[in-house]
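Summary of the model geometry
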Amino acid sequence: MRWQTAGPWIPYLGRDGAWRNASVCGCKSDCSCGELCEVRLEGPVHDILAVEVDGQTLPEDAYRVDASGLLVRTDGGCWPDRQDMAAPCGAPGTFCVTYRIGLPLDEAAIAAHSALVCHLAKDCGGSCGCKVSTNRNLNRLSRQGVDFEFADPTLIYSEMRTGLPTVDMWLNAVNPYKQASPSRVYSPRLQAPPHPDLAVEEPTCSSRSPSTMPS
């Protein structure tokens, strides 16, 4: 099918790694496209723990999460366009989504995390008899004819490194410019949507959305 021969489409990458075409024509005719019933979640979304509408928990096959953090209804229904914001989750007239925020770790991230945790565990155990771990500014040590040289920890930390090769290689791969926080774009032309009430329970986050956003 050629582009725009059956209505405009926007390709997007789903959470399962498969490419799909999102309809933007909004028609109900022969072009076989229509609106998606969806709400945007503050993310990144790791997984959905529960979706409750009017106190009823929806089955997992009734929705999906797209890569951009959109919770899409897939069972033919649609999300409520209004709710009682004063009522607790699970009460009639409410719409609540409980989900975990974060990104799944790949093998490299797991290896870096394991190396860092192992290093901290050994340091807490006090296995080094020379008490090097307690001398944070030590850079040279001589004992019984053996010389040890250590990197300056203050220099390592100032460069946002740990001194552990596995950890530092992973940090350099995912954050090559050593940014302390994610970048954000602000514009006076963009109006922020009303922020719904949030109820945070570690390690999950519950969010309510009072409206739906067509795709």
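Along every chain, residues carry numbers that run from 1 in the direction the sequence is written. Thresholds applied to this predicted model are a pLDDT of at least 70 for local features of residues and 80 or more for the giving and counting of side-chain atom pairs; totals over whole chains, interfaces and linings are not thresholded and use all residues. The side-chain figures draw on all heavy atoms in the structure; neither hydrogens nor water molecules are used.

**Describing the overall build of the protein chain**
The secondary structure listing takes helices from DSSP runs of H or I that are at least 4 residues long and strands from runs of E that are at least 2 residues long, numbered from the N terminus. Helix and strand counts for the protein chain stand at three helices and 12 strands. Note on exposure labels: buried denotes an accessible area under 20% of the residue type's maximum, exposed denotes more than 50%, and partly exposed covers the range between, all computed with a 1.4 Å probe on protein chains only. Relative to its 215 residues, the protein chain shows a buried fraction of 27%. Here the contacts in the protein chain between residues at least 6 apart in sequence split such that 55% fall between residues at least 24 apart. Computed by Shrake-Rupley with a 1.4 Å probe, the accessible areas treat only the displayed protein chains as cover when residues are assessed. Summed over its atoms, the accessible surface of the protein chain is roughly 15200 Å², and 55% of this surface lies on carbon and sulfur atoms. The criterion used for residue contact is that any of the two residues' heavy atoms lie within 4.5 Å.

**Topic: the sheet that holds strand S7 (residues 70-73)**
The strand order across the open sheet formed by three strands is S3-S7-S6, and the pairing between neighbours is antiparallel. This sheet does not close on itself; its edge strands, each paired only once, are strand S3 (38-40) and strand S6 (63-65). Each strand axis lies, on average, 20 degrees off the axis of its neighbour in the sheet, ignoring direction. Pairs of strands are assigned from DSSP output, requiring at least two bridges between the strands. Pairing between S6 and S7: three bridges, direction antiparallel. Note that in S7 the partner of Val 65 across the bridge is Leu 71. Lines fitted to C-alpha atoms define the axes, with helix axes restricted to the stretch in contact, and inter-axis angles between N-to-C directions lie between 0 and 180 degrees.

**Things to note about a nonpolar patch on the surface**
A surface patch of nonpolar side chains, amounting to about 240 Å² of accessible area, comprises Val 146, Phe 148 and Phe 150. On the secondary structure map, Phe 150 appears in the loop between strand S10 (146-149) and helix H2 (153-158). Patch criteria: residues need more than 30% relative accessible area and no salt bridge. Like-charged residues are merged within 9 Å; nonpolar side chains of Val, Leu, Ile, Met, Phe, Trp and Tyr are merged within 5 Å. Here, a salt bridge means any side-chain nitrogen of Lys or Arg that lies within 4 Å of a carboxyl oxygen of Asp or Glu.

**Concerning the environment of Tyr 99**
Along the chain, Tyr 99 turns up in strand S8 (residues 95-101). Taking the C-alpha atoms as reference points, Tyr 99 and His 46, 53 residues apart in sequence, are found 7.3 Å from one another. Under this definition, polar contacts are N or O atom pairs within 3.5 Å; protein pairs additionally need one hydrogen-donor-capable and one acceptor-capable atom, and for neighbouring residues in sequence, both atoms have to be side-chain atoms. At a separation of 2.7 Å, a polar atom in the side chain of Tyr 99 contacts the main-chain carbonyl oxygen of Glu 42.

**Considering the confidence of the model for the protein chain**
Scored between 0 and 100, pLDDT is the confidence that the predictor attaches to each residue. For the protein chain, per-residue confidence averages 75 on the pLDDT scale, and residues scoring 70 or more make up 68% of the total. Between residues 26-32, whose pLDDT stays under 50, and residues either more than four places distant or in other chains, the model counts 12 contacts. Per-residue pLDDT stays below 50 along residues 209-215; that stretch engages in 28 contacts with residues further than four places along the chain or on separate chains.

**Some thoughts on the side chain of Thr 94**
As for its position among the elements, Thr 94 is in the loop between S7 and S8. Separated by 2.6 Å, the side chain of Thr 94 and the backbone oxygen of Ala 91 make a polar contact. Not counting the four nearest positions on each side in its chain, Thr 94 is found in contact with Glu 52, Val 53, Asp 54, Gly 55, Gln 83, Asp 84, Ala 87, Pro 88 and Cys 89.

**Some remarks on the nonpolar core**
Among buried residues, the Ala, Val, Leu, Ile, Met, Phe, Trp, Tyr and Cys ones that are joined through side-chain atoms within 4.5 Å form a nonpolar core. Counting 16 residues, the largest nonpolar core has Leu 41, Ile 48, Val 51, Tyr 63, Leu 71, Trp 79 and Val 97 as the members making the most contacts within it. A total of four residues in this core trace back to one element, the largest contributor, which is strand S4 (residues 45-53).

**What to know about the state of the cysteines**
The disulfide definition used here is simple: a pair of cysteine sulfur atoms within 2.5 Å. Summed over the entire model, instances satisfying the criterion amount to two disulfides. Disulfide partner of Cys 37: Cys 78, at an S-S distance of 2.0 Å. When the S-S torsion is 90 degrees, as for the bridge of Cys 37 with Cys 78, the disulfide is right-handed. With Cys 37 in the loop between strand S2 (19-23) and S3 and Cys 78 in the loop between S7 and S8, this residue pair connects regions lying 41 residues apart in the sequence.

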